[in-house]
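Observations on the model geometry
So the chains spell out like this:
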Amino acid sequence: MAKPKVDAGGGIPALLYVWKKGLEAGGFLKLYRRLSSRNACKTCALGMGGQAGGMRNEAGHWPEVCKKSIQAQAGDMAGVVTEEFLARTPLAQLAGMSSAECESLGRVVFPMMAGPADSHYRRISWDEALDRTGAALREAARDGVFFYSSGRSSNEAAFLFQLVARAYGTENIHNCSFYCHAASSVALKEIYGSGTASITLDDLGQADFALVIGANPASNHPRLITQLVKLRERGGRVLVINPLRELGLVRFRIPSSVRSMLFGSDVSDLYLQPHIGADIPLLIALLKGVIERGGVDQEFVEAHTSGWDAVAAFARNSSWDELIEASGVGREEIDRAVALITGAKRGIVLWAMGLTHHEHGVENIKALGNLCLARGWLGREGCGMLPIRGHSNVQGVGSVGVNPVTSRAFRARLEELYGIPLPAGPGLDTYASLEAAHAGKIEAAVLLGGNLYGSNPDSAWGAEALGRIPLITYLTTKFNEGHFKGRGATTLVLPVLARDEEHESTTQESMFNYVRLSDGGSAAVAGEMRSEVGIIAALAERILPAGRFDWSALGSHQRLREEIARVVPGYGPLAEIGRTGREFQIEGRTFHSPAFPTPDQRARFHPVALPAFRPAADQFRLMTLRSEGQFNTVVYEEEDLYRGMTRRDVVMMAAEDATRLGLDEGDRVEVRSEVGAMALVVAIAEIRPGNLAIYYPEANAIVPRRLDPQSGTPAFKSIAVHLERIGAGPGQRSG
Ligand SMILES: Nc1nc2c(c(=O)[nH]1)N[C@H]1C(S)=C(S)[C@@H](COP(=O)(O)OP(=O)(O)OC[C@H]3O[C@@H](n4cnc5c(=O)[nH]c(N)nc54)[C@H](O)[C@@H]3O)O[C@H]1N2
Ligand SMILES: Nc1nc2c(c(=O)[nH]1)N[C@H]1C(S)=C(S)[C@@H](COP(=O)(O)OP(=O)(O)OC[C@H]3O[C@@H](n4cnc5c(=O)[nH]c(N)nc54)[C@H](O)[C@@H]3O)O[C@H]1N2
Ligand SMILES: [Mo]
């Protein structure tokens, strides 16, 4: 069994790490100063920093630190890519670099390009970079262009990005959420009429029950664990549903609490391990149990919801045996979970990619919504639904319109204010754009951050698709694999300032629908980096007819905030935030009374059938996930401390399966899907037998291009695979 070196998440190793990174970044004080500046944290969307000050959460609590905010900060401060390096390193060699190697190259500090005949990237001027991109866009058919954004950029940059794209004439504007929480947005809109969390941070402080399903916040949103531990200290209960037993969801040492650091804190009361992709039968079983125990909040259901009868009848008529068999969780454990759920007054359900990354992603969240509504856990304090968002501003990027499907109100405002005639239909979403590229229909693409190559399923196909685009322009802080393996015929790489280096303040939106102001600051390294807004405005001048917009004015963040305030519902206070520093909760998104923005003001139950995903008898169910040492496609460390893995090319499997197949820890195996095979090393983990886990982004070599039809999200976590032994160790050693 792969044994972690630690007995809990967090703790001393997390603190030691801070020192190590501090040294790498050129001194602890220097790093500390940056971490404590008034800028929203660059990593996840839990909300830290802003005007409350660095290392403070939305309630002002200090100190709030986590390892990955330090990784990201130190990463932006260390080293630069030089012209000499580019001259001596051919593209072919760059394309052979791992994610960690790309990250270690340092900051990109001048514009560069590689054309079809080039063997190396070479430095170019800003004018040449912008002129080339402008010329390609001017010549392209409007529906032959796409604009992609990750979730790191500011609201100001993202708003301008979509405004320029729409004024230019395309609706092919999308972001990384189509590979992330799109399923949550689609489902939540159908459940309560708004596509984001129904709760604020305060509600978490009032709940007496939390269900954490399909998420690993111990690694990915560590400060959320503090909230769970506090909830338990108040006498509340935490239920975890996850096929893999994650150490940090069992025990955690919270760095800001002396007692927790010394003795550790229990994070959960009960841990259910269903099969991968089998949450729906389990959620139906829990609902059935709640009904049988008389735990339905009849008053709430009658007064504030619709659709209950069909959902209740389906649960009642489902057989226990079938639900138990399909979910993999036994009756006794289900009963214990039902007792926790019915014993609680105010419950919050939290989830992430374990629910969205399936062909039935939207259905998963509807099934979760059904359980929540049956208990009356919506539209009341301390109750509700919380999608645990990924990137620090992924929600803001969507709110300000980087989306191929915008609301009627949003479109009407764009037409009215700017006279932009908008095409009737939606544009291409993230995957659809790549599909169009693969079919040779994309002529140019502009990518504001992110790593579309590394995030995409079926990497070989993804590289082919990107390779067929005549011109790709990447805006980035650092190199990633996409800049080398996801090149177009001609590729430009333009260097940007990170959020805490911007000359003007910027804003971000957290997963609690709270908008924060970041002060900006000075650049961590010397170079020609420009602000994202500056680059987009300069591009706009080259692709849009003169006189229609005053692009020099739209290069001002304050002015952009005034525009956003006029266009985006609930964003009114943004106009003043730069002057007053007053951060705000977006109106109309979170609910403390049961009046929902649906046509009949009621929340809706949705009938959900058992998912079709069922691997054959000789196959495994495979999920792809993150380690504690990475941020998405950026790998900082090979080690996954909490899972006890010392390398990344492992396949985690249950001891029972290994024994059955005659495998030992460290044996080499091949894991094969319908699109490819990977040679990996066996690591025994506490995962439900019949299920496997491997690390993303490497995993995308074998992730098939199967999508949730309702959200367009690839099924990164329910893949049917074969596993075969190819040789004995030496492989993963227990740490
Ligand atoms: N340190 C760090 N922090 C991050 C990121 C990072 O890469 N590194 N990425 C950021 C981003 S963009 C995102 S979206 C979030 C991602 O945050 P998470 O969604 O927490 O991350 P994942 O590692 O993709 O998977 C989460 C969990 O889902 C479980 N799971 C897989 N399949 C199933 C299933 O079928 N059912 C259930 N119930 N569980 C399942 C896995 O066992 C794993 O524990 O984190 C953000 N924060
Ligand atoms: N198999 C598999 N695939 C997955 C997932 C999975 O769990 N399994 N998860 C999916 C999810 S949830 C997501 S969100 C996507 C991630 O998709 P993306 O958001 O596209 O990818 P990231 O790896 O987060 O992008 C990191 C890059 O962003 C750039 N960057 C960082 N900061 C800035 C900035 O301030 N400005 C600019 N312009 N650029 C910046 C740097 O180049 C950095 O390397 O991957 C998806 N793909
Ligand atoms: Mo994400």
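This structure is a prediction, so every number in the text was calculated from the model and none was measured. (Residues numbered from 1 in each chain as written. Chains lettered and ligands numbered in written order. Predicted model: local features only at pLDDT ≥ 70, side-chain atom pairs only at ≥ 80, totals over all residues. Heavy atoms only, no water.)

Brief notes about the overall build of the protein
- Along the backbone of the protein there are 31 helices and 28 strands.
- For the protein, whose C-alpha radius of gyration is 25 Å, the value lies close to the compact-globule estimate of 27 Å for 735 residues.
- Each of the three principal axes of the protein carries a C-alpha extent, and together these read 70 × 60 × 50 Å.
- Sequence-distant contacts, at least 24 apart, represent 78% of the contacts inside the protein between residues at least 6 apart. (Helix = DSSP H or I, 4+ residues; strand = E, 2+ residues; numbered from the N terminus. Rg over C-alpha atoms; globule rule 2.2 N^0.38 Å. Contact = heavy atoms within 4.5 Å.)

Structural notes on the pattern of salt bridges
- Within the structure shown, the criterion is met by 44 salt bridges.
- A salt bridge links Glu103 to Lys478, with the shortest nitrogen-to-oxygen separation between them at 2.7 Å. Here the residue Glu103 occupies a position in helix H6 (residues 99–104), and Lys478 occupies one in the loop between strand E15 (471–476) and helix H27 (482–485), the gap between them amounting to 375 residues. For the pair Glu103 and Lys478, one class covers both residues: buried.
- Salt-bridge contacts for Glu562 lead to Arg579; the nearest nitrogen and oxygen are separated by 3.7 Å. A residue pair is termed long-range when its members are at least 10 positions apart, and Glu562 in helix H29 (residues 557–567) and Arg579 in helix H30 (residues 574–580) qualify at 17 residues.
- Given a relative accessible area of 28%, Glu562 falls into the partly exposed group.
- Linked by salt bridges that have partners in common, Lys288, Glu292, Arg331 and Asp335 make up one network. (Salt bridge = Lys/Arg side-chain N within 4 Å of Asp/Glu carboxyl O. Buried < 20%, exposed > 50% of the residue type's maximum accessible area, 1.4 Å probe, protein only.)

Things to note about the nonpolar core
- Leu137 and Leu160 are the most contacted members of the largest nonpolar core, which totals 60 residues.
- Ranked by residues supplied to this core, first place goes to helix H8 (residues 155–168) with ten residues.
- Discounting residues that sit within four places of it in the chain, Leu137 has contacts with Arg142, Val145, Phe147, Tyr168, Ala444, Val446, Leu539 and Ile543.
- Membership of the second largest hydrophobic core comes to 57 residues, among which are Val296, Leu355, Leu368 and Ala374. (Core = buried A, V, L, I, M, F, W, Y, C linked by side-chain atoms within 4.5 Å.)

Quick look at the domain arrangement of the protein
- Examined at the domain level, the protein breaks down into domain 1 (9–77), domain 2 (102–180 + 393–585), domain 3 (183–388) and domain 4 (620–725).
- For domain 2 and domain 3, the distance between their C-alpha centroids amounts to 35 Å.
- Counting residues at the interface gives seven residues for domain 2, matched by 13 residues for domain 3.
- Between domain 2 and domain 3 lies a buried interface of about 770 Å² when both sides are counted; carbon and sulfur atoms form 65% of it.
- Considering only the surface of domain 2 that becomes buried against domain 3, Cys180, Met511 and Phe512 emerge as the three largest contributors, covering 69% of it.
- Taken together, the residues of the side of domain 2 that touches domain 3 break down into four nonpolar, three polar and no charged. (Domains from an automatic or database assignment. Buried area = accessible area lost by both parts, 1.4 Å probe. Nonpolar A, V, L, I, M, F, W, Y, C, P; charged D, E, K, R; others polar.)

Regarding the sheet that holds strand E6 (residues 209–213)
- The sheet built from five strands is open, its strands ordered E10-E7-E6-E12-E13 with parallel pairing. The open sheet terminates on both sides in strands that have one partner only, identified here as strand E10 (270–272) and strand E13 (384–387). On average, adjacent strands in this sheet sit at an angle of 15° to one another, irrespective of strand direction.
- In the sheet, strand E12 (residues 347–351) pairs with E13 via four bridges, with the strands oriented parallel. When the sheet's bridge partners are listed, Leu350 is paired in E13 with Leu386.
- Packed onto the sheet, helix H21 (residues 361–374) meets E6, E12 and E13 and runs at close to 155° relative to E13. (Pairing = 2+ DSSP bridges. Axes fitted to C-alpha atoms, helices over the stretch in contact; angles between N-to-C directions.)

As for the environment of Ala658
- Looking at the secondary structure, you find Ala658 in helix H31 (residues 655–660).
- Look at Ala658 and you get buried, because its relative accessible area is 2%.
- It is 45 Å that separates the C-alpha atoms of Ala658 and Ile472, two residues lying 186 residues apart in sequence.
- With residues near it in sequence (within four places) discarded, Ala658 still touches Met653, Leu663 and Ile684.

Focus on the site of ligand 2
- Within the structure, ligand 2 sits among 31 residues, and Tyr148, Thr476, Glu532, Thr633 and Tyr696 are positioned closest to it.
- At 3.1 Å from an oxygen atom of ligand 2 is found a side-chain nitrogen or oxygen belonging to Arg626.
- One nitrogen or oxygen atom from the side chain of Asn700 is found 2.8 Å from a nitrogen atom belonging to ligand 2.
- When ligand 2 is considered free in solution it has 940 Å² of accessible area, and contact with the protein chains removes 97% of it.
- Here the shell around ligand 2 is composed, by residue class, of eleven nonpolar, 15 polar and five charged.
- When residues of the shell around ligand 2 are sorted by domain, at least three fall in each of domain 2 (102–180 + 393–585) and domain 4 (620–725). (Near = heavy atom within 4 Å. Polar contact = N/O pair within 3.5 Å; in protein donor to acceptor, adjacent residues only side chain to side chain. Areas by Shrake-Rupley, 256 points an atom, 1.4 Å probe, with all protein chains shown as cover.)

What to know about the pairing of strand E16 (residues 490–495)
- With six of six residues buried, E16 lies mostly within the body of the structure.
- Here strand E2 (residues 112–114) runs beside E16; their pairing, made up of three bridges, is antiparallel. Looking across to E16, one finds that Met113 is bridged to Leu492.
- Across six bridges, E15 lies against E16 in parallel orientation. Within E16, the residue paired with Tyr474 across the bridge is Val493.

Regarding the packing of helix H9 (residues 182–192) against H21
- Where H9 meets H21, the axes come as close as 8 Å, and the angle between the chain directions of the two elements is 40°. Between H9 and H21, the interaxial angle falls into the category oblique. In terms of crossing hand, the pair formed by H9 and H21 is right-handed. Residue-level inspection shows Ala183, Ser184, Val186, Ala187, Leu188, Glu190 and Ile191 of H9 in contact with H21, the latter providing Gly361, Val362, Ile365, Lys366, Gly369 and Leu373.
- In terms of residue class, the contact of H9 with H21 is built from eight nonpolar, three polar and two charged. (Parallel < 35°, antiparallel > 145°, perpendicular 65-115°, else oblique. Left-handed = near helix turned anticlockwise from the far one by under 90°.)

Some words on a nonpolar patch on the surface
- Residues Val258, Leu262 and Phe263 make up a contiguous nonpolar surface patch of roughly 370 Å² in combined accessible area.
- Checked against the element boundaries, Leu262 lands in helix H14 (residues 258–263).
- The class for Leu262 is exposed, based on a relative accessible area of 57%. (Patch = residues over 30% accessible without salt bridge, like charges linked within 9 Å, V, L, I, M, F, W, Y side chains within 5 Å.)

Structural notes on the site of ligand 1
- Residues in contact with ligand 1 amount to 31 residues; listed here are only the nearest, Glu246, Asp279, Arg626, Gln630 and Asn632.
- Take Asn242: an N or O atom from its side chain is 2.7 Å from an oxygen atom of ligand 1.
- In the model, an oxygen atom of ligand 1 is placed 2.5 Å from a nitrogen or oxygen of the Asn632 main chain.
- Listing elements by their share of the shell around ligand 1, those giving two or more residues are helix H11 (217–220), helix H20 (353–356), strand E21 (620–625) and strand E22 (630–631).
- When grouped by side-chain class, the residues that make up the shell around ligand 1 number 13 nonpolar, 13 polar and five charged.

Points about the packing of helix H7 (residues 126–139) against helix H28 (residues 532–543)
- H28 packs onto H7 with a crossing angle of 50° between their chain directions and a minimal axis gap of 9 Å. Accordingly, the angle class assigned to the pair H7 and H28 is oblique. For the crossing formed where H7 meets H28, the hand is right-handed. Residues Trp126, Asp127, Leu130, Asp131, Thr133, Gly134, Leu137 and Arg138 of H7 form the contact with H28, whose own contacting residues are Ile535, Ala538, Leu539, Arg542 and Ile543.
- For the contact of H7 with H28, a count of residues per class yields seven nonpolar, two polar and four charged.

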